[in-house]
Amino acid sequence: MSEQTRVLVVEDDARLALMLEELLRGEGYEVVVAKDGQRALHLGLSQPFDALLLDRGLPAIEGLDVLGRLRRKGVLAPALVLSALGNPSDKVEGLDRGAEDYLAKPFDIDELLARLRALLRRTTATVPVLRVPGGALDIEGRTVTLDGGEVLVLSDREGDLLEHFARRPSRIFARADLLLSVFPEASDEGVVDTYVHYLRKKLGRDAILTVRGVGYRLGAPE
Ligand code: CA
């Protein structure tokens, strides 16, 4: 791993927070601790995290409310909720309100670490991201996160076309091939030109390059 995996730990119990911090650092994670919901919201909205480890019982704002607010603001880092409330209905509530996993306190340290690893694996497996000029395409969400942080929403067709280019970034595609692969129900190659035009409007002129007499290809990464 070239970059460290960043985990936001939200826990108001100082001893438990310290224990989690030391445990996760020992496993090679970069850890940031928030001791209350306000701080968690601030950190979660201002810094990128790969996973959230969230206590439910927090002063002022409950852990699941913190998570809900982060989710509504577009923070999608997977969340493992820790709670003293361990009966099935509490777990269901946690999962329904945006947590990816739920672990009752007291928990086993090895189980916690295993669940965290599973959570991190799952996100890289289920949210494939492809590099496109100036940013990253989230295939499932059909969004492009620009390097500056701005998020562009694509239509399904724009997303299909951009994904097609981004999966084979060095290849030149004939318009007829793009028509067949991305717009199978259309008969006019003009639809390819139209969607290339849309993508250029959103991503910049050089996002898709015209190869004269042949077709189109993805622009250079920068
Ligand atoms: Ca607590």
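Calculation criteria
- Residues numbered from 1 in each chain as written.
- Predicted model: local features only at pLDDT ≥ 70, side-chain atom pairs only at ≥ 80, totals over all residues.
- Heavy atoms only, no water.
- Donors = N, O, S within 2.8 Å, 3.2 Å for Na, K, Ca; no water.
- Buried < 20%, exposed > 50% of the residue type's maximum accessible area, 1.4 Å probe, protein only.
- Helix = DSSP H or I, 4+ residues; strand = E, 2+ residues; numbered from the N terminus.
- Arc of directions from axis to C-beta.
- Contact = heavy atoms within 4.5 Å.
- pLDDT = per-residue confidence, 0-100.
- Axes fitted to C-alpha atoms, helices over the stretch in contact; angles between N-to-C directions.
- Parallel < 35°, antiparallel > 145°, perpendicular 65-115°, else oblique.
- Nonpolar A, V, L, I, M, F, W, Y, C, P; charged D, E, K, R; others polar.
- Pairing = 2+ DSSP bridges.

### Regarding the coordination of the calcium ion
Consideration 1: Donor atoms from the polypeptide that coordinate the calcium ion comprise Asp-12 (OD), Asp-55 (OD) and Gly-57 (O), at 2.2 to 2.4 Å from the metal.
Consideration 2: For the calcium ion, all donor residues lie on one chain, and their spacing in sequence is D-x42-D-x1-G.
Consideration 3: Look at Asp-55 and you get buried, because its relative accessible area is 4%.

### Topic: helix 7 (residues 175-182)
Consideration 1: Where helix 7 is concerned, the buried positions are Leu-178, Leu-179 and Val-182. Along the axis of helix 7, the buried positions cluster into a sector of 105°, meaning they face one direction only.
Consideration 2: Looking at the buried side of helix 7, the elements it contacts are helix 6 (156-167), strand 10 (173-174), helix 8 (190-203) and strand 12 (215-218).

### Overview of the confidence of the model for the protein
Consideration 1: On average, the protein scores 89 in pLDDT, and the residues at 70 or more come to 95%.
Consideration 2: Of all secondary-structure elements in the protein, the lowest mean pLDDT belongs to strand 6 (residues 129-132), at 82, while strand 2 (residues 30-34) reaches the highest, 97.

### So, the packing of helix 6 against helix 8
Consideration 1: At a closest axis distance of 10 Å, the pairing of helix 6 and helix 8 adopts a crossing angle of 90°. Considering their axes alone, helix 6 and helix 8 lie roughly perpendicular with respect to each other. Between helix 6 and helix 8, the contacting residues are Arg-157, Glu-158, Leu-161 and Leu-162 on the first element and Val-192, Tyr-195, Val-196, Tyr-198, Leu-199, Lys-202 and Leu-203 on the second.
Consideration 2: Taken together, the residues of the contact of helix 6 with helix 8 sort by class into eight nonpolar, no polar and three charged.

### A look at the sheet that holds strand 10
Consideration 1: In space, the three strands of this open sheet follow the order 10-12-11, with antiparallel pairing throughout. The strands lining the two open edges of the sheet, one partner per strand, are strand 10 and strand 11 (208-211).
Consideration 2: Pairing of strand 11 with strand 12, which is carried by four bridges, proceeds in the antiparallel orientation. Note on strand 12: the bridge partner recorded for Leu-209 is Arg-217.
Consideration 3: Lying on the sheet, helix 8 is in contact with strand 11 and strand 12; it crosses strand 11 at an angle near 140°.

### Some points on the environment of Val-10
Consideration 1: The residue Val-10 is located in strand 1 (residues 6-10) in this model.
Consideration 2: Judged by relative accessible area, Val-10 falls into the buried class, the value being 2%.
Consideration 3: Along the backbone, Val-10 and Gly-141 are 131 residues apart, and their C-alpha atoms lie at a distance of 27 Å.
Consideration 4: The contacts of Val-10, once residues within four sequence positions are left out, are Ala-34, Asp-36, Ala-40, Leu-53, Leu-54, Asp-55 and Leu-58.

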